[in-house]
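Secondary and tertiary structure notes
Letter by letter, the chains look like this.
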Amino acid sequence: MGFLFVSGNLGLDFAGTVGARRDRRVELLPSPADLARWTVEAGLLDTAPPATPADLTTAVALREAIYALATQARTNTPLDRETLQILNTAAEAPPPTVRLTPPGLAQSGSITNALSAVARATITLLGGPDTTRLRECEAETCTRLFIDASRHKARRWCDMRRCGNRAKAATYRTRHTP
């Protein structure tokens, strides 16, 4: 099963590797191998790098920091300094190496390099004007954050094919059940 990339920002997509945070938390990165696979599916690296349990611990701390900071930004709460330090420390590492080769773009690096790119994308988001467009999915159990880039700024769900479709189907059933 693949990961979902619908948030409009790499950092928010990484924060979305936990589902249903409020009730029945679903961990989508249970192992270092899953983290390595995520770096490839996210388009950060061409091949899955070696990943250790320590890499996973660092990644989970970064993921939780991203979620906390994005939530604070979305609700106009001052950003927590200790949580900011986790994000800024991750961004200090060099991002993945990119090269132009005869077949096209080649991207390589380690888990640390990939997490740096995630942290940098998050910093660009939270330090820029798009924080006013941060939303949380309105589906009952979904806690995915996303950037509302819709014309009328009225996007309600992280993904219309999943959460939006379920919500609309539930509304339809409620209206049409005798």
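See above for the structure.
Okay, so let's go over this structure.

Rules and cut-offs
The residue numbering used here restarts from 1 in each chain and proceeds along that chain's sequence as written. Two thresholds apply to this predicted model, a pLDDT of at least 70 for residue-level local features and 80 or more for giving and counting side-chain atom pairs, whereas whole-chain, interface and lining totals are computed over all residues. Hydrogens and waters are ignored; side-chain quantities use all the structure's heavy atoms. The helix count covers DSSP runs of H or I at least four residues long, the strand count covers runs of E at least two residues long, and both are numbered beginning at the N terminus. This radius of gyration counts C-alpha atoms alone. The globule rule is 2.2 Å times how many residues there are, raised to the power 0.38. Burial classes: relative accessible area under 20% of the type maximum marks a residue as buried, over 50% as exposed, and values in between as partly exposed (1.4 Å probe, protein chains only). Any two residues whose heavy atoms approach within 4.5 Å are treated as being in contact. Areas reported as accessible are Shrake-Rupley estimates using a 1.4 Å probe. Residue values count occlusion only from the protein chains shown. Just so you know, the count uses Lys and Arg for positive and Asp and Glu for negative, and it drops His and the chain ends. Each charge is placed at NZ for Lys, CZ for Arg, CG for Asp and CD for Glu. Ring pairs shown here join Phe, Tyr and Trp side chains whose ring centres sit within 6.5 Å, with only the six-membered ring taken for Trp; geometry is labelled stacked below 30 degrees between planes, edge-to-face above 60, and tilted in between. Every helix has an expected span of 1.5 Å times one less than the residues it contains. When two cysteine sulfur atoms lie within 2.5 Å, the pair is treated as a disulfide. Working definition of a nonpolar core: buried Ala, Val, Leu, Ile, Met, Phe, Trp, Tyr and Cys residues. They are joined through side-chain atoms within 4.5 Å. Between the N-to-C directions of two axes lies an angle of 0 to 180 degrees, each axis being a line fitted to C-alpha atoms and, for a helix, fitted only over the stretch in contact. In what follows, roughly perpendicular refers to angles from 65 to 115 degrees, roughly parallel to angles under 35, roughly antiparallel to angles over 145, and oblique to any angle outside these ranges. By the definition used in this description, the sense in which the near helix is turned from the far one sets the handedness, with an anticlockwise turn below a right angle giving left-handed and a clockwise turn giving right-handed. Residue classes follow a fixed rule: Ala, Val, Leu, Ile, Met, Phe, Trp, Tyr, Cys and Pro count as nonpolar, while Asp, Glu, Lys and Arg count as charged, and any other residue, Gly among them, counts as polar.

1. Considerations on the overall build of the chain
Of regular secondary structure, the chain possesses six helices and six strands. Sequence-ordered secondary structure for the chain, helices as α and strands as β, is α-β-β-α-α-α-β-β-α-β-β-α. Its C-alpha atoms give the chain a radius of gyration of 17 Å, near enough to 16 Å, the size a compact globule of 178 residues would have. Relative to its full complement of 178 residues, the chain shows a buried share of 42%. Looking at the chain alone, contacts between residues at least 24 apart form 58% of all its contacts between residues at least 6 apart. When the accessible surface of the chain is totalled, it reaches about 10000 Å², and 56% of it is carbon and sulfur. Across the chain, 23 positive and 17 negative side-chain charges occur, with their mean positions spaced 8 Å apart.

2. Considering the packing of aromatic side chains
All told, the structure shown has two aromatic pairs when counted by the stated rule. Taking 5.8 Å as the distance between ring centres and 35° as the angle between the ring planes, the aromatic pair formed by Phe-5 and Trp-38 counts as tilted. Remark: Trp-38 occurs in helix α2 (residues 32-41) and Phe-5 occurs in the segment before α1 (10-15); sequence separation between them is 33 residues. Relative accessible area serves as the criterion here: at 31%, Phe-5 is assigned to the partly exposed category. Put simply, the rings of Phe-5, Phe-14 and Trp-38 touch in pairs and so form one group of aromatic residues.

3. Let's talk about helix α3 (residues 53-74)
Between the first and last C-alpha of α3 there are 31 Å, a value that for 22 residues agrees with the 32 Å anticipated at 1.5 Å per step. All of the buried residues along α3 are Asp-55, Leu-56, Ala-59, Leu-62, Arg-63, Ala-65, Ile-66, Tyr-67, Leu-69, Ala-70, Gln-72 and Ala-73. Residue Asn-76 follows α3 closely and has a positive phi angle near 55°.

4. Considering α2
Buried within α2 are the following residues: Pro-32, Asp-34, Leu-35, Ala-36, Trp-38 and Thr-39. Packing partners of the buried residues in α2 comprise α1, α3 and α5 (111-126). In the stretch just after α2, Gly-43 is the one whose phi turns positive, near 80°.

5. What about the state of the cysteines?
The final tally for this structure, using the stated rule, is zero disulfides. Just so you know, Cys-163 is unpaired, no disulfide at all, and the nearest cysteine sulfur is the one on Cys-158, 3.7 Å from it.

6. So, the nonpolar core
Of all hydrophobic cores here, the largest spans 33 residues; its most connected members are Phe-14, Trp-38, Leu-44, Leu-62 and Val-118. With near-sequence residues (within four places) excluded, Val-118 lies in contact with Leu-10, Gly-11, Phe-14, Trp-38, Leu-44, Leu-62 and Ile-66. Of all hydrophobic cores here, the second largest spans nine residues; its members include Leu-4, Cys-137, Phe-146 and Trp-157.

7. As for the packing of α3 against α5
Packing of α3 against α5 leaves a shortest axis separation of 11 Å and a crossing angle of 5°. One way to sum up the angle between α3 and α5 is to call them roughly parallel. Across the interface between the two elements, Asp-55, Thr-58, Ala-59, Leu-62, Ile-66, Leu-69, Ala-70 and Ala-73 from α3 touch Ile-111, Leu-115, Val-118, Ala-119, Thr-122 and Leu-126 from α5.

8. Concerning the side chain of Asp-34
Tracing the sequence through the fold places Asp-34 in helix α2. We classify Asp-34 as buried; its relative accessible area is 16%.

9. Points about the packing of α3 against helix α4 (residues 81-92)
For the pair α3 and α4, the least separation of the axes is 9 Å and the interaxial angle reads 125°. As far as their axial angle goes, α4 and α3 are oblique. Where α3 crosses over α4, the handedness of that crossing is left-handed. In this structure, α3 contributes Ala-61, Leu-62, Ala-65, Ile-66, Ala-68 and Leu-69 to the contact, and α4 contributes Thr-83, Leu-84, Ile-86, Leu-87 and Ala-90. Residues that form the contact of α3 with α4 fall into these classes: ten nonpolar, one polar and no charged.

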